Amino acid sequence: MKLPSYMLIGLFLSFLLNFVPFSGNFTNAATPTAVAPVSGISLTNGVQKTVLDNGLTVLTKEVHTAPVVSVQVWYKVGSRNELKGENGISHQLEHLMFKGTTDRPVQFGRLFSALGSQFNAFTSYDETAYFGTVQRDKLEALLTLEADRMENALVGAEQLTSEKRVVISELQGYENSPGNRLDQAVMREAFPNRAYGLPVGGTKADVEKFTVEQVRNYYQTYYSPDNATLVITGDFATEPVLKVVKEIYGKLPKRPKTARFQQTTSTSSASVAKKTPIVLKQPGSAALLQAVYPLTDIKHPDVPAIDVMDAILTGGRSSRLYQALVESGLASSVSGGAAELIEPGWYEISATAAPGQELGKIAQVLEQTLAKLQQQPVTLEELNRAKTALQASFVLGNQDITSQATQLGYNQTVAGDYRFVEKYLAAIAKVTPAQVQQVAKTYLNPAKQTIGFFEPTQPDGKPGTSSTDSGRTAENFSPGKPVDPAELAKYLPPATSATDSSKQSLPEQFTLANGLRVLLLADHSVPTVNLSGQIDAGTEFDGNQKAGLANLTAGNLTNGTQTKNALTIAKTLEDQGASLSFGASREGVSISGQGLSANLPTLIETLADVVQHATFPKDQLELSRQRALTSLKAQLDDPNSLGRRVFQQAIYPENHPFHSFPTVESLKSITRDDLLRFYQQHYRPDTTTIALVGDFDPAKVKVLFNQVFGKWQATGEPPVINLPTVSFPQTSTRLNKVIPGKAEAVTYIGYNGISRKDPRYYAALILNQILGGDTLSSRLGTEVRDRLGLTYGIYSGFAAGVKPGPFLISMQTAPGDAPKAIASTIALLKQLREQGVTEAEFNTAKRSITNSYPVELANPSEVSSIILDNAVFGLSRAEIREFPQRIQAVTMAQVQQAIEELIKPENLVIVTAGPGDITPKGS
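Only a predicted model underlies this, so the values are computations on that prediction, with no experimental measurement involved.

**Regarding the overall build of the protein**
Here is step 1: Within the protein, the secondary structure is distributed over 32 helices and 24 strands.
Here is step 2: Of all intrachain contacts in the protein linking residues separated by at least 6 positions in sequence, the fraction that spans at least 24 positions is 84%.
Here is step 3: When the accessible surface of the protein is totalled, it reaches about 33,600 Å², and 50% of it is carbon and sulfur.

**As for the confidence of the model for the protein**
Atomic detail in the predicted coordinates should be set aside for any region of low pLDDT.
Here is step 1: The predicted model of the protein averages 90 in pLDDT, with 90% of residues at 70 or higher.
Here is step 2: Of the regions scoring below 50 in pLDDT, residues 5-37 engages in 133 contacts with residues more than four places distant in sequence or in other chains.
Here is step 3: Of the regions scoring below 50 in pLDDT, residues 469-476 engages in 14 contacts with residues more than four places distant in sequence or in other chains.

**As for the packing of helix α20 (residues 600-613) against helix α25 (residues 698-709)**
Here is step 1: Running from amino to carboxyl end, α20 crosses α25 at an angle of 25°, the nearest separation of the two axes being 10 Å. Judged by the inter-axis angle, α20 sits roughly parallel to α25. The way α20 lies across α25 gives a crossing that is right-handed. Residue-level inspection shows Leu600, Pro601, Ile604, Glu605, Leu607, Ala608, Val611 and Gln612 of α20 in contact with α25, the latter providing Val701, Leu704, Phe705, Val708 and Phe709.
Here is step 2: For the contact of α20 with α25, the residue count by class is 11 nonpolar, 1 polar and 1 charged.

**Section: the pairing of strand β16 (residues 528-535)**
Here is step 1: Among the 8 residues that make up β16, 8 are buried, leaving the element largely enclosed by the rest of the structure.
Here is step 2: As paired strands, β16 and strand β18 (residues 589-596) are joined by 8 bridges and run antiparallel to one another. Note on β18: the bridge partner recorded for Asn530 is Gln594.
Here is step 3: Pairing of β16 with strand β19 (residues 688-694), which is carried by 7 bridges, proceeds in the antiparallel orientation. For Ile535, the partnering residue across the bridge sits in β19 and is Thr688.

**Some points on the pattern of salt bridges**
Here is step 1: Summed over the entire model, instances satisfying the criterion amount to 38 salt bridges.
Here is step 2: As a salt-bridge pair, Lys281 and Glu455 come within 3.8 Å of each other at their nearest N and O atoms. A residue pair is termed long-range when its members are at least 10 positions apart, and Lys281 in strand β8 (residues 278-282) and Glu455 in strand β12 (residues 450-456) qualify at 174 residues.
Here is step 3: On the basis of relative accessible area, Lys281 is assigned to the exposed category, the value being 61%.
Here is step 4: On the accessibility criterion, Glu455 (29% relative accessible area) is partly exposed.
Here is step 5: We note a salt bridge from Arg833 to Glu900, for which the minimum N-O separation is 3.2 Å. One end of the pair, Arg833, is in helix α28 (residues 818-835); the other, Glu900, is in helix α32 (residues 892-902), with 67 residues separating them in the sequence.
Here is step 6: Look at Glu900 and you get partly exposed, because its relative accessible area is 45%.
Here is step 7: Through salt bridges with shared partners, a single network forms among Lys99, Arg110, Glu163, Arg785 and Asp786.

**Structural notes on the environment of Met150**
Here is step 1: Counting through the fold element by element, Met150 comes out in helix α4 (residues 139-152).
Here is step 2: What makes Met150 buried here is its relative accessible area of 1%.
Here is step 3: For the pair Met150 and Pro225, spaced 75 residues apart in the sequence, the C-alpha separation amounts to 7.8 Å.
Here is step 4: Apart from residues lying up to four places away in sequence, Met150 is in contact with Leu56, Val73, Tyr75, Met97, Tyr219, Tyr223, Pro225, Ala228, Tyr249, Leu252 and Arg255.

**Focus on the nonpolar core**
Here is step 1: In this structure, Val308, Met309, Tyr347, Ile362, Val436 and Leu444 are the most contacted members of the largest nonpolar core, which totals 68 residues.
Here is step 2: Looking at this core element by element, the count peaks at 8 residues for helix α10 (residues 303-314).
Here is step 3: Val610, Leu667, Ile690 and Val746 belong to the second largest nonpolar core, which has 65 residues in total.

**Some points on empty space enclosed by the protein**
Here is step 1: Per the stated rule, a full pass over the model turns up 5 cavities of 30 Å³ or more.
Here is step 2: Here the largest cavity is characterised by a volume of approximately 230 Å³.
Here is step 3: In terms of lining residues, the largest cavity is bounded by 17 residues, among which Pro485, Ser777, Ser778, Glu841 and Thr844 are the most central.
Here is step 4: Contributions of two or more residues to the lining of the largest cavity are made by α3 (108-114), α17 (485-489), α26 (761-771), α27 (779-787) and α29 (839-856).
Here is step 5: Of the residues forming the lining of the largest cavity, the biggest block, 4 residues, is contributed by α29.
Here is step 6: Around the second largest cavity sit Pro507, Gln509, Leu519, Ile867, Asn870, Ala871, Leu875, Ser876, Arg877 and Ile880, which together line it.
Here is step 7: Examining the composition of the lining of the second largest cavity, we find that 3 residues originate from one element, helix α30 (residues 860-872), more than from any other.
Here is step 8: The class makeup of the residues in the lining of the second largest cavity is 6 nonpolar, 3 polar and 1 charged.

Calculation notes
- Residues numbered from 1 in each chain as written.
- Predicted model: local features only at pLDDT ≥ 70, side-chain atom pairs only at ≥ 80, totals over all residues.
- Heavy atoms only, no water.
- Helix = DSSP H or I, 4+ residues; strand = E, 2+ residues; numbered from the N terminus.
- Contact = heavy atoms within 4.5 Å.
- Areas by Shrake-Rupley, 256 points an atom, 1.4 Å probe, with all protein chains shown as cover.
- pLDDT = per-residue confidence, 0-100.
- Axes fitted to C-alpha atoms, helices over the stretch in contact; angles between N-to-C directions.
- Parallel < 35°, antiparallel > 145°, perpendicular 65-115°, else oblique.
- Left-handed = near helix turned anticlockwise from the far one by under 90°.
- Nonpolar A, V, L, I, M, F, W, Y, C, P; charged D, E, K, R; others polar.
- Buried < 20%, exposed > 50% of the residue type's maximum accessible area, 1.4 Å probe, protein only.
- Pairing = 2+ DSSP bridges.
- Salt bridge = Lys/Arg side-chain N within 4 Å of Asp/Glu carboxyl O.
- Core = buried A, V, L, I, M, F, W, Y, C linked by side-chain atoms within 4.5 Å.
- 1 Å grid on protein atoms, 1.4 Å probe; cavity = no way out; pocket = protein on both sides within 12 Å on 5 of 7 lines; lining within 4 Å.
- Points joined across faces, edges and corners; volume = space filled by probe spheres on them.

Following this line, the structure appears as structure tokens:
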């Protein structure tokens, strides 16, 4: 009973990839056998359910931890409801719900952005949901907008025509992924007569044929108050808000029901699988395996035991399939998850083969591992670990009000009862080894398995061919006029009152004698801790010959210390439901940790052990090298990552650290001695910063840090990098990278930008908000996405770190649309350069940035990251409080100066990666 991966069919891919965990992760909890239950958080305590006369279900929950509120509307309709020939109509309608209403004929993304809302939407098998989180004074405004589009959405020919192109661009983007193509083939085979077997986003063939009448009828049928749940969580008083809800939503009429006949002929389990696997031989990178087993529906009493079984099989490094497949060197990754839905769902296991390993062998070991689970009861140690993981993930996954609202909406819509989670958790607590064994026997039946193999045909680890094109973009597009915020403002519902955002608590900072910096911010609202850290040991220190060294070093930290091996370290954390991970970026190694507050000592002690006493066992290094090679092949086969690599290497000269990227040769050349040398030289207390936010006593934490880090010493001065100066390109440069087998192109446009401490930074943020900070409300989004329909998403941004990073614009387009989209983008940059921005745009952008900032501060995990970044960038501890004031202090003249100095339409590096044919359509 989870918030699963299939929620990924949404409006903003960039947001959703961060928002929704893979279904092998957990957002639920249980009281485990022999493990003390967690107190201090309950999802359903304080929830009030109200049903209006028109059938609308309203769930309200007051959470007064931050001055923000989340509003979500969940419709009980998804791809499960689609008839033959209309696959994807739920998703298409989701897109159209942002195109405006009869009373507000404007892009709703602009309205939400003007309110400072963090907003999104997604379509799934059983539900379609819309959500926004804002400062509390914007609550009534959000309620008004959601009610308006529930009743009055514009579903016309103009809107459908433009948004069809956007949806098809999105679908073709998914087709770039071999994993997605394998998933579609396996699901079609597993569920040949059910809507669950078809992709939630739809198929291009069906989307192209949608008519206005068809989509409008779908809207009229399902977007009725009696088929919806409105969820409100956050800082509000229930009774006055319910009064407002009744005034706004109570007047919406029920829609008459239209007779529809499901395309499904049965809701029974999947058909018996073929004896031979589905095999896809197509261009790609790594070999993939996917196995699917039919399950029951979400209300079946076996569901809790199924989820415990999944945690035992795929939940973390100590899990059975990770040990059998990844630690053995057969696979570079394995994951799993149960889709428990309104109708019978499925259990899925996916694996990526390690270089040179056969999928048949992986399938054999998979079958052996599942058979053992069926034949022998699991150990109490495994059972307790699985239950603890479920429990801790439930608490950690609901730290912020948006997540709490999402869980309530999901429970009510899919399980039919927002309190379902309580029954579920109680059942999890009672799961026995015998029950786990029984569900394994019942559902992991080899006779009902559907298995698929993806066998790549592309040469091993070879990037696509490239060409330079300085001419192709010859179109002379004249962009439309920028949207007038004053015109937009007349469609905005009023805010009720101002919210004071200047009360944010400041972190306390202390420095150990060895130079290690620690920032602490106590927050007792939930019993959790969130740790963010950085060690100045990033990839900028690699050099071209050893590119990948920083990543391999960071990735091997938890593979063994002087007192613990890799499995012991994993169990130490996973036994308590805690997590600790490391990853190297350009300017440092990021540290991310989470856990329940009771387990903070374990988290800190494990961190201290691995950064001081890592031993880098040779066998683990070889396994991680194989995983790195697999990852490299995937990057070279992905238009997003290959395009970014080529873009950076075109901007930065060879002697610049930002030019360096791993190659097969560099990864194979790295030795254990290289890792040890890098570790000893760059892992130092005086280049380490740790931020901790959560439920703890700062005085006790200081003592703990001194105990476990106090003996860590460094000799000499820290290594430093002197970066060569990077100027703007002398002329515009076009590069094309061809990757076989792709359906969609990805383009990067830009040049070197600014650092975080650049005095123009705040003006650049406002400038960027206007230009491309949001694909639905910016100039780029309005022109290239909304007006021309050329892209699923287009964004711009300044990658401003300790050192200057690139200014870049990124977009995804059909190959033939890339030249038009590039030409439109350049025309917009020229327009911005020649005409500047208007006073109304300037003021609206400032309000949008400052209004959305408190929403970020409402998530403890996000707060720890903000505190860390401010410290690493050399900013004041007060920056977390003063950021909105710094934005407000920017003048129009400063933004115009930033445009003059930072927008250079004649000096762009333009890189397109994807299919080879980028000939404009119709040429």
